[in-house]
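Chain by chain, the residues run as shown.
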Amino acid sequence: MEIEVPVVIVGAGPAGLATAACLNKLSIPNLVLERDDCHASLWRKRTYDRLKLHLAKNFCNLPHMPFPSDFPTFVPRIDFLRYLDNYVTHFKISIQYNRNVESAYLDDNDGKWRVVVKDTASNDAVEVYVSKFLVVASGENSEGYVPWVEGLEGFQGEYLHCSNYLNGRDMYAKNVLVVGCGNSGMEIAYDLSNWGANTSIVVRGPVHFFTKEMIYVGMTLLKYFKMESVDKLMLLMSKLKYGDMSQYGLVRPKEGPFVLKKKGGTTPTIDVGCVGRIKKGEIKVYPAISSIREGKTIEFEDGRDSEFDIIIFATGYNSTVLKWLKDYRELFNDDGMPKPGFPNHWKGENGLYCAGFSRRGLDGIAFDAQRIANDISMSTSTRGLPGGEANFACRKLLEN
Ligand SMILES: Cc1cc2nc3c(=O)[nH]c(=O)nc-3n(C[C@H](O)[C@H](O)[C@H](O)COP(=O)(O)OP(=O)(O)OC[C@H]3O[C@@H](n4cnc5c(N)ncnc54)[C@H](O)[C@@H]3O)c2cc1C
């Protein structure tokens, strides 16, 4: 059976929800297909307990609904979920849960997208959605990435990706190695140390580290001053607060944090207390792993070795678009990220769009969602019902 909907959106994370809300505001019927049994599954099921939005709330609003004024500047995970739940209700967003999109291709016969879905709550029953417009919102962080490490398969301890880490409750007094010094790695190391684990962290290369307040100041100043000038101030603030950390294994990159980020280099890390613990010697820093020997011994590139019970890989994520999107070449590279750079990354050919792939977090998502909805609005006449009422029509279509 084929179900026809003007716009199909794959993924009910912030990007899919924001796009659906913008379309609803323009009375364009749309349907969100989500593989999980809830929306915002990354935030609900694949992040750690103590997580707060890393950026201040005024840089994280989704379109048409600012965060409530009584929310703190740095919104905790639970409040962010509350905000997203309200967002779904307020904009009457239509989501089909437990729908794993298996493939999507452009049918040359009628120029429409065929989106093939398995309903995982109904014995994998197959459904086919037909749409003129297809929005890929399946996320840059769709799947945890664990790098190849020599000897990992024989490791006698436990290893996991950070998307499976909630807290360190069961890790008291264990020797835990966190691999990666991005936001997740540094925060998880700090959390483990709070839970009484003997914590170490692998820092492979140079990294910028700032408090979230410094990042807030920097992002605000970027509106008024040149990036290079703001970078200088950022470095000054970081050096005043932390001093030279190279003796502890934390070396700053030569280029400033915002310039580096713009060039696609490492994102500056937001320190929530890990750097202080490193300084006190409570968290040890190691360089890259060279191999894992039999048992639990890990060797590092500087020749040191040590035994660990648990390894937590905070080594990033992969986009999984190419696993299901067949006609992708116009828009996506072979790594599942868009070919065109920001700000032209969101639009492909034949009604194909992507939201949430600019590596600019929630601010980037808001940008994409509004542009996609406006673009679809200009090239469609499927309109007429106000706001979420348009989706009522979609739901009725599904029920029949
Ligand atoms: C730990 C962490 C902290 C972050 N903190 C911030 C922050 O403070 N500020 C900020 O601006 N950004 C932050 N980000 C970055 C970014 O804003 C978030 O990752 C955000 O959730 C991205 O939204 P998204 O909708 O693009 O992707 P996701 O949230 O990953 O949502 C994608 C959805 O698509 C679904 N999906 C995937 N494949 C399929 C398929 N084949 N079929 C059906 N459904 C599918 C997934 O189940 C998921 O629900 C953070 C990211 C992480 C990982």
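Not measured: the values here are computed from a predicted model. (Residues numbered from 1 in each chain as written. Predicted model: local features only at pLDDT ≥ 70, side-chain atom pairs only at ≥ 80, totals over all residues.)

1. Let's talk about the sheet that holds strand E11 (residues 175-179)
Threshold: The pairing criterion for strands is at least two bridges between them, as found by DSSP. Helix and strand labels come from DSSP, where a helix needs a run of H or I of at least four residues and a strand needs a run of E of at least two; each type is numbered from the N terminus. The convention used is that axes are lines fitted to C-alpha atoms, helices contributing only their stretch in contact, and that angles between N-to-C directions extend from 0 to 180 degrees. Contact between residues is assigned whenever the C-beta positions, reconstructed from backbone atoms, fall within 7 Å.
Read from one edge to the other, the open sheet built from 5 strands follows the order E10-E19-E11-E12-E15, with strand pairing classed as parallel. Either end of the sheet is taken by a strand with one partner, and the two such strands are strand E10 (158-161) and strand E15 (283-286). Within this sheet the neighbouring strands show an average axis-to-axis angle of 20°, counted without direction. In terms of strand pairing, E11 meets strand E12 (residues 198-202) through 5 bridges, oriented parallel. Across the sheet, residue Val 178 finds its bridge partner in E12, namely Ile 201. Helix-sheet contacts for helix H4 (residues 183-194) involve E11, E12, E15 and strand E19 (310-313), and the interaxial angle to E12 is about 170°.

2. Some points on the site of the ligand
The test is simple: Each residue receives a C-beta atom placed from its backbone. It is near a molecule or strand if this atom lies within 6 Å of it. Amino acid classes used here: Ala, Val, Leu, Ile, Met, Phe, Trp, Tyr, Cys and Pro are nonpolar; Asp, Glu, Lys and Arg are charged; the rest, including Gly, are polar.
Contacts to the ligand come from 34 residues, most closely from Gly 11, Gly 13, Gly 139, Gly 356 and Gly 361. Of all the elements, helix H9 (residues 361-378) adds the most residues to the shell around the ligand, at 4 residues. Here the residues of the shell around the ligand sort into 15 nonpolar, 15 polar and 4 charged.

3. Here's the deal with the domain arrangement of the protein chain
We count it as follows: What counts as a domain boundary in this text is fixed by an automatic or database domain assignment.
Partitioning the protein chain into domains gives domain 1 (2-142 + 318-399) and domain 2 (146-313). Computed over C-alpha atoms, the centres of domain 1 and domain 2 are 31 Å apart. When grouped by side-chain class, the residues that make up the side of domain 1 that touches domain 2 number 5 nonpolar, 1 polar and 3 charged.

4. Concerning the pairing of E11
Keep this limit in mind: Buried, partly exposed and exposed are defined by the number of other C-beta atoms within 10 Å of a residue's own C-beta, namely 20 or more, between the two limits, and 12 or fewer respectively, with C-beta atoms placed from the backbone. Assignment of crossover handedness uses the view with strands pointing away from the viewer, where a clockwise path from the first strand over the helix to the second indicates a right-handed crossover.
Within E11, 4 of the 5 residues are buried, which leaves it mostly tucked inside the rest of the structure. Note that the unit made of E11, H4 and E12 has a crossover that is right-handed. Here E11 runs beside E19; their pairing, made up of 4 bridges, is parallel. Counted as the bridge partner of Leu 177 is Ile 311 from E19.

5. Observations regarding the packing of helix H1 (residues 14-25) against helix H3 (residues 77-90)
Under the convention used in this document: Oblique is the label for every angle not falling under 35 degrees (roughly parallel), over 145 degrees (roughly antiparallel), or within 65 to 115 degrees (roughly perpendicular). Whether a crossing is left-handed or right-handed is set by the direction in which the near helix is turned from the far one by less than a right angle, anticlockwise for left-handed and clockwise for right-handed.
Look at H1 against H3: their axes get within 10 Å of each other, and the N-to-C directions meet at 30°. Accordingly, the angle class assigned to the pair H1 and H3 is roughly parallel. Handedness of the crossing formed by H1 with H3: left-handed. Here Pro 14, Leu 17 and Ala 21 of H1 come into contact with H3, specifically with Leu 84, Tyr 87 and Val 88.

6. Observations concerning the environment of Arg 77
Looking at where Arg 77 falls in the secondary structure, it is placed in helix H3. Note: C-alpha distance between Arg 77 and Pro 253 (176 residues apart in sequence) is 30 Å. If sequence neighbours within four positions are ignored, Arg 77 has contacts with Trp 43, Thr 47, Leu 51 and Lys 52.

7. Digging into the environment of Ser 319
Within the secondary structure layout, Ser 319 lies in the loop between strand E20 (317-318) and strand E21 (352-354). On the basis of neighbour count, Ser 319 is assigned to the buried category, with 22 C-beta atoms found within 10 Å. Distance in space between the C-alpha atoms of Ser 319 and Gly 336 is 5.4 Å, their sequence separation being 17 residues.

8. Here we look at the packing of H1 against H9
At a closest axis distance of 8 Å, the pairing of H1 and H9 adopts a crossing angle of 35°. When the axes of H1 and H9 are compared, the crossing they make is right-handed. Between H1, through Pro 14, Ala 15, Ala 18, Thr 19, Cys 22 and Leu 23, and H9, the contact on the second element is made entirely by Leu 362, Ile 365, Ala 366, Asp 368, Ala 369, Gln 370, Ile 372, Ala 373 and Ile 376. Of the residues in the contact of H1 with H9, the class split is 12 nonpolar, 2 polar and 1 charged.

9. Thoughts on the nonpolar core
Operational definition: We call a set of buried Ala, Val, Leu, Ile, Met, Phe, Trp, Tyr and Cys residues a nonpolar core when their C-beta atoms link them within 7 Å.
Core analysis: the biggest nonpolar cluster contains 57 residues, and Val 8, Ala 18, Val 135 and Ala 355 have the highest contact counts within it. Counting residues per element, this core draws most heavily on H1, which supplies 7 residues. The contact partners of Ala 18, leaving out residues within four places of it in the chain, are Leu 62, Pro 63, Ala 355, Ile 365, Ala 366 and Ala 369. With 42 residues, the next largest nonpolar core counts Val 207, Met 214, Ile 278 and Phe 308 among its residues.

10. Quick look at the sheet that holds strand E16 (residues 289-292)
Taken together, 3 strands build an open sheet; the order of strands is E16-E17-E18 and the sheet is antiparallel. With one partner strand each, in any of the chains shown, E16 and strand E18 (305-307) form the two edges of the open sheet. Direction aside, neighbouring strands of the sheet carry axes that sit 25° apart on average. In this sheet, E18 lies alongside strand E17 (residues 297-300) in antiparallel orientation, the contact comprising 3 bridges. Note that in E18 the partner of Glu 299 across the bridge is Asp 305.

11. Topic: unusual backbone geometry
Of note, the bond from Phe 342 into Pro 343 is cis; its omega dihedral lies within 30 degrees of zero at 5°. You can see Pro 343 is positioned in the loop between E20 and E21. Even without being a glycine, Ser 27 presents a positive backbone phi close to 60°. Position of Ser 27 relative to the elements: it lies in the loop between H1 and strand E3 (30-33). When the 17 C-beta atoms within 10 Å are taken as the criterion, Ser 27 is described as partly exposed.

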